[in-house]
Amino acid sequence: MKFQAPKGVSEYAPPRSLHFEVVRESLISAAVQAGYLLMELPVFEDTELFARGVGETTDVVTKEMYTFEDRGGRSITLRPEGTAGVMRAVIEHGLDRGQLPVKVWYSGAFFRAERPQAGRYRQFYQVGIEAIGLNDPEIDAEVIATADRSLKKLGLKDYRLEITSLGDSQSRKAHRVDLDKFIAGLDLDEATRTKAQVNPLRLFDDKRESVQKQMENAPLLLNYLSEESTAHFNAVQSLLQSFGIDFLINKRMVRGLDYYTGTTFEFIHEKLGAQSGIGGGGRYDGLMKQLGGADLSGIGYGMGVDRILLACQSEEIELAPLGKLDLFAIALGEEAKLKVAQIVNQLRNAGLTVDMAYGDRALKSAMKMADKSGAKFSLVLGADELQMESIAVKNMDSGESQSVTISSLEEFLRDS
Ligand code: HAM
């Protein structure tokens, strides 16, 4: 029997995994650069956490969760997103009672039982951040700028940033009165009407043409912002402008998760077709309180590593592998093999990145391996070199060789 990976998962084997790694590390480094600290979370949680946190009307909760009963009869769900888990952990560790804002980043696999297609997987990867406990436009701008920087660091250009505001509770209440009235006059089936009663904003996100058409003239939340929410949103825009970050205001943006309030945003890549959302996020007043913690607001994002890798490929960006080998070593003959193994082990102990040809390869095929390895230098050690205690070390870029004594090899590699 031949096993295959489960349907719709994304997985990365070498050499593509090296590109995936470059993307993921670049996204992480932008978060670290902005002062975010690692939060390492379990990939499964109590089902109720997501049902309550993400929202009962979302596709994620109603159709896409991987939920099962564990051996103790508890209902467990593979995490479909990161924010609810971060809130749970922040509350559990009492960080919400410490110094604010709490700024954390996370990275890993997430799970949604979606219909697989290019750029949409059932297991996918995100790098995300959350800044909790401060409701200032400065932190909104910091979060958006960090996401934008993480894309620019990779060299991406063909994407746009869309932003909107879902306002505070006063804004949403005022909007809801008019939206409910508007929806009451539409021709909708029972299930859709029930969904709209829980969260009428979901109808903006309905993919059916009949619903989309009817929603064309629906009242838009952005036109109902309270004075305070308007001032906040204007301040975020001014800050983004002062950072030189371009954005568009999308009055009809609906995020797939229910917890959003205030500033919300999405990054859309122009060459990715249907699955063009490469990252998104926003503010979530009330989420932490709803999950049993302090009444703190927060804001964050999730960047889709898989889609960002596809975006880099579509822009033909060269992603140079991280951790390039300092040296690739080749032994000729039994005696030399032992010596090469020792040299390689010693250099690795000294912190250098080194690989070698194993087995009894002919010199030509071993040299091919050295070429493919991408190492900066290679060396060939045979009986002669053993006698002389010095080796010809070849610079793989220039093709030039230089004689180096075995004892000074480490220093040579470090200084080159
Ligand atoms: P989200 O928009 O659901 O937000 O997901 C963030 C990103 O994950 C998307 O923009 C997309 O790039 C990627 N993604 C989502 N689903 C899939 C999939 N099935 N296959 C491949 N990539 C996918 C969140 O998850 C929020 N927790 C973000 C957030 C953090 N908001 C506030 N804090």
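Novice: Summarise the overall build of the protein; cite the residues concerned and give the values.
Specialist: The number of helices and strands found in the protein is 15 helices and 16 strands. For the protein, the spread of C-alpha atoms along the principal axes amounts to about 90 × 55 × 40 Å. When burial is assessed residue by residue, the protein has 50% of its 416 residues classed as buried. In the protein, of all internal contacts separated by at least 6 residues, the share reaching a separation of at least 24 is 71%. Split by element, the accessible area of the protein, about 21,100 Å² in all, is 49% carbon and sulfur. Averaging the positions of the 49 positive and the 60 negative side-chain charges in the protein gives two centres separated by 4 Å.

Novice: Which residues make up the pattern of salt bridges, and what values go with them?
Specialist: All told, the structure shown has 25 salt bridges when counted by the stated rule. Among the ionic pairs, lysine 63 bridges to aspartate 59, the shortest N-O distance being 3.4 Å. Of this pair, lysine 63 and aspartate 59 both sit in helix H3 (residues 59-63), 4 residues apart, roughly one helical turn. Lysine 63 sits in the exposed class, given a relative accessible area of 59%. Residue classification places aspartate 59 among the partly exposed residues on the basis of a relative accessible area of 33%. With a shortest N-O distance of 2.7 Å, arginine 208 and aspartate 206 are connected by a salt bridge.

Novice: A description of helix H4 (residues 83-92) should follow, citing residues and the corresponding values.
Specialist: Taking burial as the measure, the 10 residues of H4 include 8 buried ones, the bulk of the element. Buried within H4 are the following residues: Thr83, Ala84, Gly85, Val86, Met87, Ala89, Val90 and Ile91.

Novice: Got a sec to walk through the site of the ligand? Specific residues and values, please.
Specialist: Around the ligand sit 27 residues, and of these Glu81, Glu114, Tyr121, Tyr260 and Gly277 come closest. Contact distances for the ligand include 2.7 Å between a nitrogen atom and a side-chain N or O atom of glutamate 81. Tyrosine 121 is positioned such that a nitrogen or oxygen atom in its backbone is 2.8 Å from a nitrogen atom of the ligand. If you list the elements that add at least two residues to the shell around the ligand, you get strand E6 (123-132), strand E10 (277-283) and strand E11 (298-304). With 6 residues, E10 is the largest single contributor of residues to the shell around the ligand. Classifying every residue of the shell around the ligand gives 9 nonpolar, 11 polar and 7 charged.

Novice: Can you break down the pairing of strand E3 (residues 66-69) residue by residue, with the values?
Specialist: Across 4 bridges, E3 lies against strand E4 (residues 75-78) in antiparallel orientation. Bridging from a neighbouring strand, tyrosine 66 pairs with leucine 78 of E4. Here E3 folds back onto E4, and the loop between the two strands holds 5 residues, one of which, glycine 73, carries a positive phi near 80 degrees.

Parameters and conventions
- Residues numbered from 1 in each chain as written.
- Predicted model: local features only at pLDDT ≥ 70, side-chain atom pairs only at ≥ 80, totals over all residues.
- Heavy atoms only, no water.
- Helix = DSSP H or I, 4+ residues; strand = E, 2+ residues; numbered from the N terminus.
- Buried < 20%, exposed > 50% of the residue type's maximum accessible area, 1.4 Å probe, protein only.
- Contact = heavy atoms within 4.5 Å.
- Areas by Shrake-Rupley, 256 points an atom, 1.4 Å probe, with all protein chains shown as cover.
- Lys, Arg positive; Asp, Glu negative; His and termini not counted.
- Charge placed at Lys NZ, Arg CZ, Asp CG, Glu CD.
- Salt bridge = Lys/Arg side-chain N within 4 Å of Asp/Glu carboxyl O.
- Near = heavy atom within 4 Å.
- Polar contact = N/O pair within 3.5 Å; in protein donor to acceptor, adjacent residues only side chain to side chain.
- Nonpolar A, V, L, I, M, F, W, Y, C, P; charged D, E, K, R; others polar.
- Pairing = 2+ DSSP bridges.

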